[in-house]
Amino acid sequence: MATSTTGSTLLQPLSNVVRLPVDQVNFVVCQLFALLAAVWFRTYLHSSKTSPFIRHVVATLLGLYLALFCFGWYALHFVIQSGISYYIMIIIGVENMHKYCFVFALGYLTVCQITRVYIFDYGQYSADFSGPMMIITQKITSLAFEIHDGMFRKNEDLTPSQRCLAVRRMPSLLEYLSYNCNFMGILAGPLCSYKDYITFIEGRSYQLQQSEANGKEDTKYEQTDPSPNIAVAQKLLICGLSLLFHMTITKTLPVEYNIDDNFRATASWPVRFFYLYVSLMAARPKYYFAWTLADAINNAAGFGFRGYDKNGVTRWDLISNLRIQQIEFSTSFKMFLDNWNIQTALWLKRVCYERATFSPTIQTFILSAIWHGVYPGYYLTFLTGVLMTLAARAIRNNIRHYFVQSPAVKLCYDIVTWMATQAAISYTVVPFVLLSVKPSLTFYSSCYFCLHIASILVLLVFPLKRTQKGSKKHESVQPVWSRKLEEESLLQKNNYSTTNNSFSQKQEITCRYQALKQ
């Protein structure tokens, strides 16, 4: 099916050869150009050779050029959304700007999604301008809350993570546009904190914090930047394999075949569930490709260093968005979501869950659904996801401890829970791929809503009373992306800048370490 594009048609001949929509070809080529630009940026515009002002200007102009090439005049939405949000920050003041920026940025994104979906190209799978706007919306809202925390709220009122992410001076317009629209992340993200980005641009020395065996802190300072070359090469290899899988296998296993009348009428239940699993597994490599390539681009520019592991090996996963091995071998719904779209999970936690005054879990799921878009299938997926999450939590809390004493029994338990998790995830996300209500309900009705009913029965049989005790109560209702993800992020991030002159770099890192001991 031919699709129209709002961006450049310069690559139309290549699009015809590879038989992909021209806007998808534009996206891939622009990301490959960004990868080369990142190498050049790190080599010739290194912070030791160039001022932060020049690095901001070049990163912003390159980002806007890539956006213009991919999306044409629709790229103006990125500037408009960022510009108005910055104006709101200036005129409203630090006390309430986070609320106004949140409502405006999310509202502007939603309006753009509605017009794109219901007016222009409902159901098209090609790249669209609302994708980058989703990342920019995350950045706008995150920074607004971080400035509010740093310039208005009392330090003792902040959580450890809020205290360490707090921004204590207003960014300039150039810094703001550079953060939102830089070439490394404008097309596919991922989200990063403002402090991380400014530290990278200003070229502060890499700081290494390790915890010695005796519990003492050992803070060291690197004089030279660690090389990202090995990490970039590994991630490009993953990109290549993911793209090859997508080009050769994915198209032979369409998710739509799950609702084919003949298939439903003739295939047995085991065959149907097996095809459901493999078709949804085959749909994931396009996300692996896009997110891993985006991660590699940032690393190639020198951004994304997360410290060293216990063996002294560099880690370049500061802003990574997924962990493929943990996704494919997850043994719980929680484990899957902990390792999928990681930065978005942290964004939801920081701007919604931690700040909600009532029903934080429900509010977080609603925000996630609104942010993703306006296709009805998204909402069906998230409503189903709530049931699956609660049911999986109930089962885990009530019966898992019976199966972890013996290694052999634990292995059998892990195999069974892996199979159950993959079936539940596949069942849940079918509407996310099918998009519309009718085909989604056709799929669920063909399965007799079996996992919906099973989840409700589980919640009736296994209430969540085991997790409602004492100090554990707050933890029990924490969303599936869990504190473990946040704690790991806090412990190993070690290149945060200090935008407040009253804090030293060492204090900033120590702050993050101490947060984990509370």
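Residues numbered from 1 in each chain as written. Predicted model: local features only at pLDDT ≥ 70, side-chain atom pairs only at ≥ 80, totals over all residues. Heavy atoms only, no water.

Per an unreviewed UniProt entry, the protein carries the name Membrane bound O-acyltransferase domain containing 2 and comes from Geospiza parvula. According to UniProt, the comment filed for the protein under the heading Subcellular location (unreviewed entry) is "Endoplasmic reticulum membrane". (UniProt positions renumbered as here; feature names shortened; annotations may be inferred.)

## With respect to a nonpolar patch on the surface
Side chains of Val437, Leu441, Phe449, Ile453, Ile456, Leu457, Leu460 and Val461 sit close together on the surface and give an oily, nonpolar patch of about 710 Å² of accessible area. Breaking the nonpolar patch down by element, the ones donating at least two residues are helix H20 (437-446) and helix H21 (450-461). When residues in the nonpolar patch are grouped by element, the largest group, 5 residues, is from H21. Structurally, Leu460 is set in helix H21. (Patch = residues over 30% accessible without salt bridge, like charges linked within 9 Å, V, L, I, M, F, W, Y side chains within 5 Å. Areas by Shrake-Rupley, 256 points an atom, 1.4 Å probe, with all protein chains shown as cover. Salt bridge = Lys/Arg side-chain N within 4 Å of Asp/Glu carboxyl O. Helix = DSSP H or I, 4+ residues; strand = E, 2+ residues; numbered from the N terminus.)

## A few points about the pattern of salt bridges
The final tally for this structure, using the stated rule, is 12 salt bridges. Among the salt bridges present, the one from Glu202 reaches Arg204, with a minimum N-O distance of 2.5 Å. Of the residues examined, Glu202 reaches a relative accessible area of 25% and is grouped as partly exposed. With relative accessibility at 24%, the residue Arg204 sits in the partly exposed group. With a closest N to O distance of 2.8 Å, Glu354 and Lys349 form a salt bridge. A residue is classified by how much of its surface remains accessible, and Lys349, at 6% relative accessible area, is buried. Put simply, Asp149, Arg153 and Arg355 are held in one network by salt bridges that share partners. (Buried < 20%, exposed > 50% of the residue type's maximum accessible area, 1.4 Å probe, protein only.)

## Notes on the packing of aromatic side chains
Each aromatic ring pair is summarised here by two numbers: the centre-to-centre distance and the angle between the ring planes. For the structure on display, the rule yields 35 aromatic pairs. Plain terms: the ring middles of Phe41 and Phe200 are 6.3 Å apart, the flat faces sit at 35 degrees to each other, and that makes the pair tilted. With Phe41 in helix H2 (residues 22-44) and Phe200 in helix H9 (residues 194-202), this pair connects stretches of sequence that are 159 residues apart. Taken individually, Phe41 and Phe200 each receive the classification buried, so the pair is uniform in this respect. For the pair Tyr257 and Tyr275, a centre-to-centre distance of 5.3 Å together with 70 degrees between the ring planes defines the contact as edge-to-face. Here Tyr275 lies in helix H12 (residues 269-283) and Tyr257 lies in the loop between helix H10 (229-248) and helix H11 (261-266), a separation of 18 residues in the sequence. Judged by its relative accessible area of 34%, Tyr257 falls in the partly exposed class. Three or more aromatic residues joined by ring pairs make a cluster, and in this case those are Phe41, Tyr179, Phe183, Tyr194, Tyr197, Phe200 and Phe303. Positioned over the ring face of Tyr179 is Lys139, at 5.3 Å from the centre of the ring. The aromatic ring of Trp269 is capped on one face by Arg272, whose charged end is 5.2 Å from the ring centroid. (Phe/Tyr/Trp six-rings, centres within 6.5 Å; stacked < 30°, edge-to-face > 60°. Lys NZ or Arg CZ within 6 Å of the ring centre and 35° of its normal.)

## Considerations on the nonpolar core
Counting residues in each nonpolar core, the largest one holds 75 residues, and the members touching the most others are Phe41, Phe78, Phe183, Leu187, Tyr197 and Phe200. Not counting chain neighbours up to four residues away, the residues in contact with Phe41 comprise His46, Arg55, Val58, Ala59, Phe183, Phe200, Ile201 and Ala301. Ile259, Tyr288, Ile327 and Met388 belong to the second-largest nonpolar core, a separate cluster that totals 22 residues. (Core = buried A, V, L, I, M, F, W, Y, C linked by side-chain atoms within 4.5 Å. Contact = heavy atoms within 4.5 Å.)

## Details of the packing of helix H4 (residues 76-92) against helix H6 (residues 130-151)
Axis separation between H4 and H6 bottoms out at 10 Å; the angle between their running directions is 10 degrees. In terms of orientation, H4 lies roughly parallel with respect to H6. Considering only the axes of H4 and H6, their crossing is right-handed. In contact with His77, Phe78, Gln81, Ser82, Ser85 and Met89 of H4, H6 contributes Pro132, Met133, Ile136, Thr137, Ile140 and Ile147. Residue classes in the contact of H4 with H6 are distributed as 7 nonpolar, 5 polar and no charged. (Axes fitted to C-alpha atoms, helices over the stretch in contact; angles between N-to-C directions. Parallel < 35°, antiparallel > 145°, perpendicular 65-115°, else oblique. Left-handed = near helix turned anticlockwise from the far one by under 90°. Nonpolar A, V, L, I, M, F, W, Y, C, P; charged D, E, K, R; others polar.)

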